[in-house]
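# Chain and residue survey
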Amino acid sequence: MSTSDLAEESSVAAAPAMAPPPEVLREWLGAMLTIRRFETECVRLSFAGKIPGGIHSSEGQEGVAIGSIRALTRDDVVSGTHRSHHHALAKGLSLRIVMAELFGRDDGLSGGRGGSMHLVDRSLNFLGSNGIVGAGLGIAMGASLAMQMQAQPFVAVGYFGDGGANNGRVWESINMAAIWKLPLIAICENNLYAVETHISNSMAGDSIAGRAAGFGLPTVTVDGQDVIAVYQATRAARERAIAGGGPTFIEAQTYRYEGHNVGDVQNYREKDEVAQWRAERDPIARLRQRMIDDAMLDDAQYAGLETAAEEAVADAIAYADASPWPTGADALTTYPTNV
Amino acid sequence: MSTSDLAEESSVAAAPAMAPPPEVLREWLGAMLTIRRFETECVRLSFAGKIPGGIHSSEGQEGVAIGSIRALTRDDVVSGTHRSHHHALAKGLSLRIVMAELFGRDDGLSGGRGGSMHLVDRSLNFLGSNGIVGAGLGIAMGASLAMQMQAQPFVAVGYFGDGGANNGRVWESINMAAIWKLPLIAICENNLYAVETHISNSMAGDSIAGRAAGFGLPTVTVDGQDVIAVYQATRAARERAIAGGGPTFIEAQTYRYEGHNVGDVQNYREKDEVAQWRAERDPIARLRQRMIDDAMLDDAQYAGLETAAEEAVADAIAYADASPWPTGADALTTYPTNV
Amino acid sequence: MPTVLTYSQAYREGVAEEMAANEKIFIMGTDIVLRGGHFAQVFGLGEQFGASRVRDVPISEAAMLAAGVGSAVCGMRPIVDLNFLDFSFGGMDEICNQAAKMSYMFGIQVPLLIRATNGIALGGAQHNNVIESWFAELPGLNVVTPSNPADVKGLIKSSLRMNDPVLFLMHKALSGLRGNVGGPDDLIPLGHANISRAGHDVTIVTYGVNVAKCLEAAERLAANGIEAEVIDLRTLYPLDRDTVVESVRKTGRAIVVDESAAYGGVSAEIVASIQEAAFDYLDAAVVRITAPHAPVPNSPALLSAILPNSAGIEAAARKLVEVA
Amino acid sequence: MPTVLTYSQAYREGVAEEMAANEKIFIMGTDIVLRGGHFAQVFGLGEQFGASRVRDVPISEAAMLAAGVGSAVCGMRPIVDLNFLDFSFGGMDEICNQAAKMSYMFGIQVPLLIRATNGIALGGAQHNNVIESWFAELPGLNVVTPSNPADVKGLIKSSLRMNDPVLFLMHKALSGLRGNVGGPDDLIPLGHANISRAGHDVTIVTYGVNVAKCLEAAERLAANGIEAEVIDLRTLYPLDRDTVVESVRKTGRAIVVDESAAYGGVSAEIVASIQEAAFDYLDAAVVRITAPHAPVPNSPALLSAILPNSAGIEAAARKLVEVA
Ligand SMILES: Cc1ncc(C[n+]2csc(CCOP(=O)(O)OP(=O)(O)O)c2C)c(N)n1
Ligand SMILES: Cc1ncc(C[n+]2csc(CCOP(=O)(O)OP(=O)(O)O)c2C)c(N)n1
Ligand SMILES: [Mg+2]
Ligand SMILES: [Mg+2]
C-alpha cells in the first residue's frame, strides 16, 4: 500500500467532538484535496480511454465522505453507492490499488473483476461500492445487525442519494434498523439530482429528512459542504448507536460538480448553478478559509497539501498504468466455487 | 347475476356527504351483514373442504369496504389484497360467481383459474384481489395514472394492510401518486396484525398515517369500524382527486375477528382482545344501534336484512355447489396466447 | 431405532442441531416465532433459541434479504425464511446482484441460507411460480431441492455449513411426507444426485415432488418388465451431471420430469447435458414431461390437468422403450 | 433510398411513429426527457410528445412497473423504460406476478411494453446479468431481442401493437450499430426467426449481439468450403422452433451461441427442442457456446476471455463438420 493513502484515523473518533485539533483538520483537508485530485484525474483518464466504462465523480462531495468517515474507527463498516470513490478513499483504501481496479488491471482491488462501482476492502471494512441504487444501505443495515448480535461496539454506515430515497428498499431497511435499534447510520447524500432528474420532480414531501422522521428514528439535516458539521453529526450518531440508542438518519446536503457520469451533457442545470456551489459552498475552500482564519493553516502548508495530493494521485496512476492486464483464467472459474 | 348481489350504488356518491339517508344506510347495513355471512360461511366451507386452499376472512372489516366503496361510482377502480372478499362484494361482484370461484368451479369469475386471492370483475372495475402484499396498491396507482392521462373523472382505490405498510413498493407508489397528483385513494386497513406479527413489532414510527404524511399527500386517520366515517373520508378524498387535488392516504383502524387464514391457531392474541373488539366496536352493531337510536331501523327490519343476507349466501353456496368442475382444456393453453 | 419425521420436521431438526452447534446461525422470517412459519418448518425454535436468534421480520423482502447479506459478511450465518419462493420477487436484487456476486467481485463469501417453499399446489398463479431454475442458472448461488425427509435433514445440515449462498427449496406438497431421517452426523453433500431406484432400460431424471411420481411409474413399469432408473437430482446447483450421464450411457433412453413450464429451465439443461455427453449412447430423443407454458390455476380440477403424473411418466417410458 | 439509422435511433423512430399513430402510447423511465435514456434511445421524444407522454420517473422500479400494469389495463399503452435489464430485479413481482398473470387469471390483457438494455459489456457484474431467458421461461410474457436496426424498428412497431406484455431487450454493445431500416408500414411479427445466412452444412442458432459474430464465423467457414446457416431467433418468446428444426433437419448439425452462463436458459431450450424434433436427423450432439458459469467481470481483458467469439464459433463448426 502506498504511504500516501488516506489512512483512516481511528484515533480521531476518540478526539473531542466539538473542536478537532489543527493537525486533524489538516489531515482532513489533505484527504479532501486528494479525493478531488483523484476524481478530476479519473474524469480525464476516462475520456482518455484509460478507465474503461468511466466513473461517477464525487467531486464536490468530499466533505460528506471525510466528515462522516473520520468519525468512524477502522472496525466500523462502510457500504457505498455507484458514486463511492470518496467513501473508499476516505476509508483508507489504497490509491494505487483503487486506480488499478479502475484501469481494469491485475493489481486492482479485485484484479479487474470489479471496477469503479465495485470497490472493496474487507480488511478496512469497506464492504463495497455498489452498482445498484439503494443496495448499499441494505448491506450496511445487515452489517449493523451482525454487530448488534455479536455485541460489538461498532457501527455501520450506509450511503445513498436523493434518488435512492425514492427506492422502496431504502425505507424497508430504515424501518428494520429502527425497530431493532441497530447501530446503523444512514447517510443520504442529497446532491439534488439523480442523473438529470431534480429532486423536486421525483420526490413528494417537504424533505428527505422529513420523510425519514416518519420512520421513527432520530433524523438530522446537515450541511454536507461543511466537513466539520458532517463529522459532528456522524460522531453523535455513532455515540448513540454504540450506547444502544439505535440508528440515525443523516441528510447531508451536498452537490456534485461533474455530470452524473463521464460524458453527461448536463443540459438539466445551469452552468451558473454549478459555479455558485463551487464558489460559495466548496467544502475544501471553506475548511481552508476557516483554518486560515483560525491561524491553523498558512498558504505554504496548503500548497504542500495540494502538491502531496497531486503526487499521490500521479503515483497511483503510474502504478495502475504499469500493472498488467489480468488473464482470463480467473474469469473462467465457475461460481459458487463451493470450496 | 343474482339479484341479491351487493349492487354498487353509483347514486350514493351524489348524496350529501354528511348524512346519508335511511334507505342508503339500510342498504349499507344489509351489505355488511351479507359480507359477514359470506365470510363466516366461507370459513365453515373451508374446513369442510369445499373451498380448496381456504380463504382470508374479512369479518370485522366490513365497515371499511362498504364505507369506502359506497363513496365510489361504478367507473371508479378498486384493487385489493389477499383479504378482499369484502372489497369484491362491496364493489358489486356476484355472490354466486365469487362463491363458485372459491369452490374452484367452472362458473366462477375466472372458471377456477383464480381463487380467493384472485377475484376480478372488469365490468365492475374491480381489478382484482391480489396474492402479493402491496401489489394491489401499485395497480390502483397505475389505474389512476390512466384516468388522469385520459382526463376521466374517476378515481382508483388501492387497499393494503398494516403489514403492507412495511413493504417498500407501497411507498414508491405513494410517492409517485403524490408527485403526479394522481386521483388515487390509498387505504391502509390497519387491523393491527400481519399474520401473527403485531404492528408494534414490525413498524417504527408513531403511526402509519404519520409515516405517510412525510410523502407529501393529505393523510387522514379514520375509525374503520364506523362505516359512515369511512364513507365521509373517502368521499372527501374522491372529491379532492376529481378536482385535481391529487391522492389521499387513509389509515382505517380496523380489526379482523378471524385468524389470518382458516386454521390459524391465533396464539398471538388474547381471546379477550377479539371479544372486546366484537363487543365494543363492531361496525354492524354500531350502525344498527345508531339507526335504531335515530329511528331509522326497527328490529323487524334488521331481522329482515339478516334473513336476506343468509338467503343470498345460501343461494350462492347452492349455485357454487351445483357448478361443474372446469375441464383441463383451458389450463393447457399457452400464455401469452398472442391472439 | 430410526427416527420418523415429516419433511417439515426434518428441516426443523436439522436446523435445530446446527443452531445448537453453531451460535452464529440465526433465522429471520415472517411469522416464524410462534407459528413457526407457514409450514411449521421452524415450529418451537422461537422458544428454544429465543428472540434474538429466531426473529419475526416486517413484510420487507428486500430488507430481510439485505439483513441476511450484510450480517453474513460480518460474521453471522443467517437463514432468511422467505416463506413462498414467489416472495423472492421482492428481494431479487439482494439475492442475485448482492449475495450471488460478492464472492466473485470482492472475494467475500456470503454464508447466507435462503429457505423458501416452492412447487405447485393450491393457492393460485401468484403463489406457484416455478422459478427454481432461475437461481440455478444465475452464477453464484447453490440451489437445493430435497424430495424426502432424510434428504431434507442431511442437506440442510450441509447447506448450513456452506460458505456461499444457498437457496433451500422445500416443496409445498411434501411438507407432511413422513420418513426416516439420519442422526446428527448424517450429512448429505450438495452436488450428489441420488439413484432412487436402479434400472437398466430407461433413465428418469427428476427432483422434488416428482421423485415419488417417477418411482410410482417405475414400479408399474417393473411389473411390465421395464426397469427404470430414477435419479433424484437433490441439488440443482451444483448439478450432478455425471450421475445422469453415466446412467443414460447405460440405458440409452432418458426422460426428464419437471413441474416447470415447457421452456428452458432445469429440464432443458438436463436434456442438453445428456445429449452433449451421451449422444452416441442415445437410442431416442430425450423426452421432457413438464407443465404447459401457462400460469398455474387454482382449481384442483385444473391443477391435476397440468401436473405431470405417474401415468403419463409410465406411458412415456413405455413408448420410449418400444420405439427405441 | 433506404434510411440508415443506428440501433438506438431505429428504436426511437419506431416508437415515434407508433406514438404519433396511437395517442395511448406513452413512456415512463428514468432520465428520458432530456437525456433520452442511457443509450439516447428516445432522445428528442420528450420534446416531440411533451411531458405527459414522455415522463421521467423516480428511481422506483416497482412503482414505475406498477404504473405500467395499472395504466395498461385502464386504456393506455405504456412503455416502461427500465434502463438496464438488471433493474428489473426491483420490480420483478410487477413483471412476473402481475403483468404476466392477468391475462390468464382475469382474462384481462396487459398491453405493457418494457424496454431494457441487456447483454454483456463494460460496467461490472451487477449491470450485466444475462437473464432474458427467465422472462422467456415465465408464462405470460413475450421477449424480443433484435440484432440490428431494421429488426429493432420492425419489431418495436409490432410489439407496440401487442395486447400482452412484451419485454423489448436491446443489447448494450449494439446501440451504435448502423443499418437500413424499414418504413412506417414495415412491421416484423413476433415469433418469426430470421435466416440471416443460408447454408446446408451446419446450423448456427443465436440472437442479439452474437448474430454478427456467427455471420463473421460463417464467412470464414465459407472460405473453407463449409456453408453455415445462421438463424437469428429475433424473439425468445414466442420461440420459432419450426425454423430452427427445419434447418437442422437439413444440415444435421447444430451449434447454439448465447452469452448466458453455461446452465439452462435459451440455449438449453434450443438444444432440447432440436433433439426433440430432429433427433433422427442429427449427425452429432448439438454444441453450445456460452459464457462460463460465473458473474461478469469488468476488465476488458477478462470480458474478452468469457464472451463467445467468432474464432470459437468457427472452430466449433469446423470440428462438428469434421467429426460428423
Ligand atoms: C435500482 C437502480 N435503478 C437505476 C439505476 C441507474 N442509476 C444509477 S445512478 C442513478 C441516479 C442515482 O441518483 P442518486 O441516488 O441521487 O445518486 P447520485 O448519482 O446523485 O450520487 C441511476 C438512476 C441503478 N443503478 N439502480
Ligand atoms: C410480498 C409478500 N410477502 C409475504 C406474503 C405472505 N403474506 C400474505 S398476507 C400476509 C400478512 C399481511 O398483513 P397485512 O398487510 O397487515 O394484511 P392483513 O392480513 O392483516 O389483512 C403475509 C405476510 C405475501 N403474500 N406477499
Ligand atoms: Mg443525487
Ligand atoms: Mg394487518
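Before reading further, recall that the structure is shown in the block above.
A quick note: this is a predicted structure, and the numbers were derived from the prediction, not measured. Every chain's residues receive numbers from 1 upward, in the order its sequence appears when written. Each chain takes a letter, starting from A, and each ligand takes a number, starting from 1, following the order in which they are written. The predicted nature of this model means local features are confined to residues of pLDDT at least 70 and side-chain atom pairs, given and counted, to a pLDDT of 80 or more, with totals for whole chains, interfaces and linings taken over all residues. Here the side-chain values reflect all heavy atoms present in the structure, with hydrogen atoms and water set aside.

## Some details on the coordination of the magnesium ion (ligand 4)
Residue and element names in this part refer to chain B. To keep it simple, the criterion reads: Listed donor atoms are N, O and S within 2.8 Å of the metal (Na, K and Ca: 3.2 Å). As water is not included, a site may look incomplete. The buried label applies to any residue whose accessible area, calculated with a 1.4 Å probe on protein chains only, is under 20% of its type's maximum; exposed applies above 50%, and partly exposed to all values in between.
Coordination sphere of the magnesium ion (ligand 4), protein contribution only: Asp-162 (OD), Asn-191 (OD1) and Tyr-193 (O), at 2.0 to 2.1 Å. Within one chain, the residues serving as donors to the magnesium ion (ligand 4) are arranged as D-x28-N-x1-Y. One exposure class covers both Asn-191 and Tyr-193, and it is buried.

## With respect to the sheet that holds strand S12 (residues 235-237) of chain C
In any sheet, the strands associate via hydrogen bonds between backbone groups, in a parallel or an antiparallel arrangement. Residue and element names in this part refer to chain C. For clarity, the threshold we go by: DSSP bridges decide pairing: two strands pair if at least two such bridges lie between them. A run of H or I in DSSP counts as a helix once it spans at least four residues, and a run of E counts as a strand once it spans at least two, with each numbered from the N terminus. All axes here are fitted lines through C-alpha atoms, helices being fitted over the stretch that makes contact, and every angle between N-to-C directions spans 0 to 180 degrees. Any two residues whose heavy atoms approach within 4.5 Å are treated as being in contact.
Taken together, the seven strands give an open sheet; going across it, the order is S3-S2-S4-S5-S7-S6-S12, and neighbouring strands pair in mixed fashion. Of all the strands in the sheet, just strand S3 (54-56) and S12 have a single pairing partner and so form its edges. Going across the sheet, the axis of each strand differs from the next one's by a mean of 20 degrees, ignoring polarity. Across five bridges, the pairing between strand S2 (residues 25-29) and strand S4 (residues 77-84) is parallel. Across the sheet, Met-28 pairs through a bridge with Val-80, a residue of S4. On top of the sheet, helix H3 (residues 61-72) reaches S2, S4 and strand S5 (113-118); it is set at about 160 degrees to S4, its chief contact. Contacting S5, strand S6 (142-144), strand S7 (166-171) and S12, helix H6 (residues 149-159) crosses the sheet at an angle of about 165 degrees to S7.

## Some thoughts on the interface of chain D and chain C
Put simply, the rule reads: Buried area, as used here, totals the accessible surface that two parts lose on assembly, with accessibility defined by a 1.4 Å probe and the loss added over both. For this analysis, a salt bridge means a side-chain nitrogen from Lys or Arg found within 4 Å of a carboxyl oxygen belonging to Asp or Glu. For this analysis, a polar contact is any N or O atom pair within 3.5 Å, provided that within protein one partner can donate a hydrogen and the other can accept it, and provided that sequence-adjacent residues contribute only side-chain to side-chain pairs.
Between chain D and chain C, the contact holds 50 residues from the first and 50 residues from the second. Both faces combined, the contact of chain D with chain C buries some 4,400 Å², and carbon together with sulfur accounts for 61% of it. Its largest share of buried area at the contact with chain C, chain D owes to Trp-134, Glu-137 and Tyr-263 of chain D, together 18% of the area lost on that side. Where chain D packs against chain C, one counts four salt bridges. The partner of Glu-276 of chain D in a salt bridge is Arg-288 of chain C, with the nearest N and O atoms 2.6 Å apart. Along the contact surface separating chain D from chain C lie 22 residue pairs in polar contact (both at pLDDT 80 or more).

## Structural notes on the site of ligand 1
For clarity, the cut-off: Residues are labelled near a given molecule or strand when at least one of their non-hydrogen atoms is within 4 Å of it. Areas reported here follow the Shrake-Rupley algorithm with a probe of radius 1.4 Å; residue values treat only the protein chains shown as occluding.
Surveying the vicinity of ligand 1 reveals 18 residues, the closest of which are His-82, Arg-83, Gly-163 and Asn-191 of chain A together with Glu-61 of chain D. Those residues lying near ligand 1 are distributed over chains A and D. In the model, a nitrogen atom of ligand 1 is placed 2.8 Å from a nitrogen or oxygen of the Gly-131 of chain A main chain. The contact in question runs from a nitrogen atom of ligand 1 to an N or O atom on the backbone of Val-133 of chain A, over 3.1 Å. When isolated, ligand 1 has an accessible area of 580 Å², and the protein chains bury 95% of it.

## Overview of the relation of the copies chain D and chain C
One copy of the chain maps onto the other through a rotation about an axis followed by a shift along the same axis. Inclusion rule: Only residues with pLDDT of at least 70 in both copies count here: their C-alpha atoms drive the least-squares fit that superposes the copies.
Overlaying chain D with chain C gives an RMSD of 0.0 Å, the required rotation being 180 degrees about an axis along which the chain moves by 0.0 Å. What the rotation and shift describe, once combined, is the action of a two-fold rotation axis. Interface overlap between copies is the fraction of interface residues in one copy that are interface residues in the other; for chain D against chain C it reaches 100%, indicating a shared surface.

## Re the site of ligand 2
Note the following rule: Residues are grouped as follows: Ala, Val, Leu, Ile, Met, Phe, Trp, Tyr, Cys and Pro are nonpolar; Asp, Glu, Lys and Arg are charged; every other residue, Gly included, is polar.
By nearness alone, 18 residues border ligand 2, and His-82, Arg-83, Gly-163 and Asn-191 of chain B together with Glu-61 of chain C come closest of all. Nearby residues around ligand 2 are contributed by chains B and C. Within the contact set of ligand 2, an oxygen atom lies 2.7 Å away from a side-chain nitrogen or oxygen of His-82 of chain B. Protein chains shield 94% of the accessible area of ligand 2, which is 570 Å² for the free molecule. Broken down by class, the residue content of the shell around ligand 2 amounts to seven nonpolar, eight polar and three charged.

## Focus: the coordination of the magnesium ion (ligand 3)
Six octahedrally arranged donors around a metal ideally form angles of 90 or 180 degrees; four tetrahedrally arranged donors ideally form angles of 109.5 degrees. For the magnesium ion (ligand 3), the full set of protein donor atoms is Asp-162 of chain A (OD), Asn-191 of chain A (OD1) and Tyr-193 of chain A (O), at a range of 2.0 to 2.1 Å. For the magnesium ion (ligand 3), all donor residues lie on one chain, and their spacing in sequence is D-x28-N-x1-Y.

## Notes on the pattern of salt bridges
Enumeration according to the criterion identifies 66 salt bridges over all chains in this entry. Put simply, Arg-35 of chain D and Asp-264 of chain A hold a salt bridge, and the shortest N to O gap is 3.5 Å. Linking Arg-35 of chain D in the loop between strand S2 (25-29) and helix H2 (45-49) with Asp-264 of chain A in the loop between strand S7 (248-253) and helix H10 (271-281), this pair reaches from one chain into another. Here the two residues Arg-35 of chain D and Asp-264 of chain A agree in accessibility, since each one is buried. Between Arg-220 of chain D and Glu-216 of chain D there is a salt bridge, with the nearest N and O atoms lying 3.7 Å from each other. You can see Arg-220 of chain D and its partner Glu-216 of chain D sitting in helix H8 (residues 210-223), four residues apart, about one turn around the helix. What you see here is one network of salt bridges that share partners, running through Glu-13, Glu-17, Glu-18, Lys-153, Lys-157 and Arg-161 of chain C.

## Here we look at the side chain of Asn-261 of chain A
Locating Asn-261 of chain A in the fold gives a position in the loop between S7 and H10. Note on Asn-261 of chain A: relative accessible area 18%, which makes it buried.

## Observations regarding the interface of chain D and chain A
Taken residue by residue, the interface counts 31 residues in chain D and 37 residues in chain A. Where chain D abuts chain A, roughly 2,600 Å² becomes buried across the two surfaces, and 58% of that area is made up of carbon and sulfur atoms. Remark: the boundary between chain D and chain A carries one salt bridge. If you look at where chain D meets chain A, you find 18 residue pairs in polar contact (both at pLDDT 80 or more). The element that contributes the greatest number of residues to the side of chain D that touches chain A is helix H11 (residues 300-306) of chain D, accounting for five residues. Across the side of chain D that touches chain A, the residue classes break down as 18 nonpolar, nine polar and four charged.

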